[in-house]
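# Structure assessment
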Amino acid sequence: PHMANPERLVASAARLYGGEEGLRETWGEVVPVPEENLRVLSGGETVHGFEVTYTPGHASHHVSYFRDGVAFVGDMAGVRVPPYELTLAPTPPPDIDVEAWERSLDAIAAWEPSTLALTHFGTAPPSQLAAVREALHWQADLAAEKDQAAFEAALHERIVQAAPDEVAAIEQAAPLDHLFLGLDRWHSKRG
């Protein structure tokens, strides 16, 4: 529905990016896709030779694709900026679900991919799945223990230590306040 009619998504996302102008500056203009060009996938399909599986966790509607040994996993395998191996789990609100993410990582691993294609950035070996799993749990625990300011400070320090030349790029790809807000919402929903 958000692809055909993005107004609600844009309004929601704009709150995270300082309004519609901030959203547009970061991601460009969001325009509707004609409904006749859309095919809703839920997992189990094969599209143009790609196996599709439902992989929620980062987002409730997320799917991943597999073909010829390559798993196209979107944000499920985390954010990393080569040449650094530091990995962050992208956890913006509203749909973060750590348990579902775990199951999705297991589903991706079951494909036995030789390569993962990441949204942020490039390709990675299958060991990236373990790296994002570790990051996801570290971040979830940190969000449970710290307030937003302390969470952001600890995560920023981790980035500075592990990838000093790419701090700005990493924090643009995975804004620290977004990471906290998604995990805080997940913790609140769990009670």
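Everything below is about the structure printed above this text.
So, a few notes on the structure that sits alongside this text. (Residues numbered from 1 in each chain as written. Predicted model: local features only at pLDDT ≥ 70, side-chain atom pairs only at ≥ 80, totals over all residues. Heavy atoms only, no water.)

This brings us to the overall build of the protein. Helix and strand counts for the protein stand at 7 helices and 6 strands. Across the protein, helices and strands are ordered from the amino to the carboxyl terminus as α-α-β-β-β-β-α-β-β-α-α-α-α. For a compact globule of 191 residues, the expected C-alpha radius of gyration is about 16 Å, and the protein comes in at 17 Å, within 12% of that figure. In terms of overall dimensions, the protein has a C-alpha envelope of 45 × 40 × 35 Å along the principal axes. With 191 residues in all, the protein has 41% of them scored as buried. Taking contacts inside the protein between residues at least 6 apart in sequence as the whole, the part at least 24 apart equals 61%. A total of about 10300 Å² of accessible surface is found on the protein, and carbon and sulfur atoms cover 52% of it. With 13 positive and 29 negative side-chain charges, the protein shows a spacing of 5 Å between the two charge centroids. (Helix = DSSP H or I, 4+ residues; strand = E, 2+ residues; numbered from the N terminus. Rg over C-alpha atoms; globule rule 2.2 N^0.38 Å. Buried < 20%, exposed > 50% of the residue type's maximum accessible area, 1.4 Å probe, protein only. Contact = heavy atoms within 4.5 Å. Areas by Shrake-Rupley, 256 points an atom, 1.4 Å probe, with all protein chains shown as cover. Lys, Arg positive; Asp, Glu negative; His and termini not counted. Charge placed at Lys NZ, Arg CZ, Asp CG, Glu CD.)

All right, on to the nonpolar core then. Soluble globular proteins: nonpolar side chains tend toward being buried together. If you look at the biggest cluster of nonpolar residues, it comprises 39 residues, and the most contacted ones within it are Val73, Leu88, Trp101, Ile108, Leu116 and Phe151. If sequence neighbours within four positions are ignored, Leu88 has contacts with Gly78, Val79, Val132, Ala135, Gln139, Leu155, Ile159, Ile170, Ala174 and Leu179. (Core = buried A, V, L, I, M, F, W, Y, C linked by side-chain atoms within 4.5 Å.)

Bridge analysis of strand β4 (residues 70-79) against strand β5 (residues 115-120) gives 5 bridges, and the strand direction is parallel. In the strand pairing of β5, Val79 is matched with His120. Relative to strand β6 (residues 122-124), β5 is paired through 3 bridges, and the arrangement is antiparallel. Bridge pairing in β6 links Leu116 to Ala124. Between the end of β5 and the start of β6, which pair antiparallel, lie 1 residue. (Pairing = 2+ DSSP bridges.)

Turning next to the pattern of salt bridges. If you walk through the whole model with that rule in mind, you get 5 salt bridges. Between Asp106 and Arg133 there is a salt bridge whose closest N-O contact spans 3.0 Å. Placement of Asp106 in helix α3 (residues 98-110) and of Arg133 in helix α4 (residues 128-145) is noted, with a sequence separation of 27 residues between them. Note on Asp106: relative accessible area 43%, which makes it partly exposed. Its relative accessible area of 23% is what places Arg133 among the partly exposed residues. One salt bridge in this structure joins Glu134 and Arg158, with 3.3 Å as the shortest N-O distance. With Glu134 in helix α4 and Arg158 in helix α5 (residues 148-162), the pair connects residues that are 24 residues apart, well separated along the chain. One continuous salt-bridge network, built from bridges that share partners, spans Glu102, Asp106 and Arg133. (Salt bridge = Lys/Arg side-chain N within 4 Å of Asp/Glu carboxyl O.)

Helices that pack against each other are described as a pair by the angle of their axes relative to one another and the distance between those axes. Where α4 contacts α5, the axes come no closer than 10 Å and their chain directions differ by 150°. With respect to the hand of their crossing, α4 and α5 are arranged in right-handed fashion. For the pair α4 and α5, contact is made by Glu134, Trp138, Gln139, Leu142 and Ala143 and by Phe151, Ala154, Leu155 and Arg158, respectively. Of the residues contributing to the contact of α4 with α5, the split by class is 6 nonpolar, 1 polar and 2 charged. (Axes fitted to C-alpha atoms, helices over the stretch in contact; angles between N-to-C directions. Left-handed = near helix turned anticlockwise from the far one by under 90°. Nonpolar A, V, L, I, M, F, W, Y, C, P; charged D, E, K, R; others polar.)

Turning next to the layout of surface pockets. A water-sized probe rolled over the atoms picks out the places where empty space is left. Here the largest pocket defines a volume of roughly 2000 Å³. It is helix α1 (residues 7-16) that provides the largest number of residues to the lining of the largest pocket, a total of 7 residues. Class assignment for the residues of the lining of the largest pocket results in 31 nonpolar, 10 polar and 7 charged. (1 Å grid on protein atoms, 1.4 Å probe; cavity = no way out; pocket = protein on both sides within 12 Å on 5 of 7 lines; lining within 4 Å. Points joined across faces, edges and corners; volume = space filled by probe spheres on them.)

Attention shifts here to the environment of Ala153. Along the chain, the position of Ala153 falls in helix α5. What makes Ala153 partly exposed here is its relative accessible area of 46%. For the pair Ala153 and Leu176, spaced 23 residues apart in sequence, the C-alpha separation works out to 8.9 Å.

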